[in-house]
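Fold and geometry: a report
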Amino acid sequence: MVAADNLQMTQGETPFDLSAYLQERQALVEAALDNAITLTYPEKIYEAMRYSLLAGGKRLRPILCLATCEMAGGTIEMAMPTACALEMIHTMSLIHDDLPAMDNDDYRRGQLTNHKVYGEDIAILAGDGLLAYAFEFVAANTQSVPAERVLQVILRLGRAVGAAGLVGGQVVDLESEGKSDVSVETLNFIHTHKTAALLEACVVCGGILAGIPEPDLQRLSRYAQNIGLAFQIVDDILDITATQEELGKTAGKDLQAQKVTYPSLWGLEESQRQAQQLIESAAAELTPFGEKARPLLAIANFITSRTH
Ligand code: GRG
């Protein structure tokens, strides 16, 4: 794996302090998310939505969206509503993924899962509420961006969430449960849809909001698909090597459920090598953006060095 000191990346002479960058962006995103949903009648559903949305997490998706928009010449303000929407969509997918009908998990982000606190009925509705609100939030709050770009963003979000994205990946994942002969191709399908599709939407939407030209959008899309798959390989590795405290969710679940994962197909060492190779391919896509791509480059490296 990439050593932790790689987080302090250098290009030329100036170091890039990724942890300071992430901390600063996380604080902006936390504040925007906190303001996005207020408690009103019926309080129970807003409370359940806020419970999971404000439970921490790395905020990788909104940060990717903001970073791409800035790299492409846009501003944080232009991208913040979309960044929040991406976190709402991600959070709703976690709430539904944890339900007894899916992965049946008791812990997420270091606290009890939504259905353990509010019950399955409210947890389903909290996910639905977050999903619907994500689209409303982008449409209602995006400012200083031409309407055509906002429409493109809404299209990309819908595509990433539906049967062509997260939902499709989850279906194949559910179908693969209990099977020992799942191929690498099927595993790749699951994770390019369940994980990479939303990460791709983060980056591409950030670029669209800033009005980036199509060939650059294609590069960013390839960058995101590569980091998305690498992210999932590392997730599978961490399920084996990290503790529940580090992960904030039950560790060793894949082994326990005898789930086919990248380490189960390739072993730990080869999985790490493949993840590293994907990160190198992702980094190559950023070359034309030069110095401006330093945050995206550092985030790509962070993916293979993370411990949670
Ligand atoms: C989207 C309509 C709709 C339904 C949901 C349940 C489902 C369909 C899809 C599952 C999606 C899923 C849970 C994918 C896993 C993605 C993943 C690697 C999550 C962990 O992300 P981190 O590590 O988590 O960024 P934090 O907590 O840091 O945000």
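None of these values were measured; they are calculated from a predicted model.

Right, let's talk about the overall build of the protein chain for a bit. Scanning the protein chain from terminus to terminus reveals 15 helices and 4 strands. Over its C-alpha trace the protein chain gives a radius of gyration of 19 Å, about what one expects of a compact globule, namely 19 Å for 308 residues. Each principal axis of the C-alpha atoms in the protein chain carries an extent, and together these give about 50 × 45 × 30 Å. Burial status across the protein chain gives 51% buried among its 308 residues. Of the contacts formed within the protein chain by residues at least 6 apart in sequence, a portion of 73% connects residues at least 24 apart. Carbon and sulfur atoms provide 52% of the accessible area of the protein chain, an area that totals close to 13600 Å². Taken together, the 23 basic and 40 acidic charged side chains of the protein chain have centroids lying 3 Å from each other.

Detailed reading of the predicted model is not advised wherever pLDDT is low. Per-residue confidence for the protein chain averages 92 on the pLDDT scale, and 96% of its residues sit at or above 70. This model gives residues 1–11 a pLDDT under 50, and the stretch forms 26 contacts once residues within four places in sequence are excluded.

Looking at the secondary structure, you find Leu125 in helix α6 (residues 120–141). Judged by its relative accessible area of 46%, Leu125 falls in the partly exposed class. For the pair Leu125 and Tyr262, spaced 137 residues apart in sequence, the C-alpha separation works out to 33 Å.

It is worth spelling out a nonpolar patch on the surface at this point. A cluster of nonpolar side chains, Tyr107, Leu112 and Val117, forms an exposed patch at the surface whose accessible area comes to about 230 Å². Along the chain, the position of Leu112 falls in strand β4 (residues 111–112).

Moving on, we get to the side chain of His96. Within the secondary structure layout, His96 lies in helix α4 (residues 76–98). Discounting chain neighbours no more than four positions away, the residues touching His96 are Met102, Ala123, Ile124, Gly127 and Asp128.

With that settled, consider the packing of aromatic side chains. Two aromatic rings are characterised by how far apart their centres lie and by the angle between their planes. Taken as a whole, this structure holds 4 aromatic pairs when the rule is applied. Residues Phe16 and Tyr21 carry aromatic rings whose centres are separated by 5.4 Å and whose planes lie at 50° to one another, so their mutual orientation is tilted. Across the pair, exposure class does not vary: Phe16 and Tyr21 are buried alike. Plain terms: the ring middles of Tyr133 and Phe137 are 5.6 Å apart, the flat faces sit at 55° to each other, and that makes the pair tilted. Of this pair, Tyr133 and Phe137 both sit in helix α6, 4 residues apart, which is roughly one turn of the helix. Under the relative-accessibility criterion, Tyr133 is labelled partly exposed at 21%. Taking the relative accessible area as the measure of exposure, Phe137 reaches 11% and is therefore buried.

Once that is clear, we can look at the nonpolar core. Residues Leu64, Tyr223 and Ile299 are the most contacted members of the largest nonpolar core, which totals 91 residues. Those residues in contact with Leu64, other than ones at most four positions away along the chain, are Leu199, Cys202, Val203, Tyr223, Ile227, Leu296 and Ile299.

Further remarks concern the environment of Leu286. Position of Leu286 among the secondary structure elements: in the loop between α14 (268–285) and α15 (294–305). Looking at Leu286, the relative accessible area reads 3%, which means it is buried. The spatial distance from the C-alpha of Leu286 to the C-alpha of Asp106 is 39 Å, given a sequence separation of 180 residues. With residues near it in sequence (within four places) discarded, Leu286 still touches Leu220, Tyr223, Ala293, Leu296 and Leu297.

This part takes up unusual backbone geometry. The peptide bond linking Tyr41 to Pro42 adopts the cis configuration, its omega dihedral lying at -5°. By secondary structure assignment, the location of Pro42 is in the loop between α1 (18–36) and α2 (43–53). For Arg59, which is not glycine, the phi dihedral falls at a positive 60°. As for its position among the elements, Arg59 is in the loop between α2 and α3 (60–71). For Arg59, a relative accessible area of 1% translates into the label buried. Positioned with a positive phi, Ser144 is a non-glycine residue whose angle comes to about 60°. Counting through the fold element by element, Ser144 comes out in the loop between α6 and α7 (147–161). Taking relative accessible area as the criterion, Ser144 reaches 68% and is therefore assigned exposed.

Glancing now at the site of the ligand. Residues in close proximity to the ligand total 20 residues, the closest being Lys58, Arg61, His90, Arg109 and Gln170. In the model, an oxygen atom of the ligand is placed 2.8 Å from a nitrogen or oxygen of the Arg109 side chain. Protein coverage of the free-state accessible area of the ligand, which is 750 Å², stands at 90%. When residues of the shell around the ligand are traced back to their parent elements, those giving at least two are α4, α8 (166–176), α9 (184–210) and α10 (214–241).

Quick notes on the rules
- Residues numbered from 1 in each chain as written.
- Predicted model: local features only at pLDDT ≥ 70, side-chain atom pairs only at ≥ 80, totals over all residues.
- Heavy atoms only, no water.
- Helix = DSSP H or I, 4+ residues; strand = E, 2+ residues; numbered from the N terminus.
- Rg over C-alpha atoms; globule rule 2.2 N^0.38 Å.
- Buried < 20%, exposed > 50% of the residue type's maximum accessible area, 1.4 Å probe, protein only.
- Contact = heavy atoms within 4.5 Å.
- Areas by Shrake-Rupley, 256 points an atom, 1.4 Å probe, with all protein chains shown as cover.
- Lys, Arg positive; Asp, Glu negative; His and termini not counted.
- Charge placed at Lys NZ, Arg CZ, Asp CG, Glu CD.
- pLDDT = per-residue confidence, 0-100.
- Patch = residues over 30% accessible without salt bridge, like charges linked within 9 Å, V, L, I, M, F, W, Y side chains within 5 Å.
- Salt bridge = Lys/Arg side-chain N within 4 Å of Asp/Glu carboxyl O.
- Phe/Tyr/Trp six-rings, centres within 6.5 Å; stacked < 30°, edge-to-face > 60°.
- Core = buried A, V, L, I, M, F, W, Y, C linked by side-chain atoms within 4.5 Å.
- Near = heavy atom within 4 Å.
- Polar contact = N/O pair within 3.5 Å; in protein donor to acceptor, adjacent residues only side chain to side chain.

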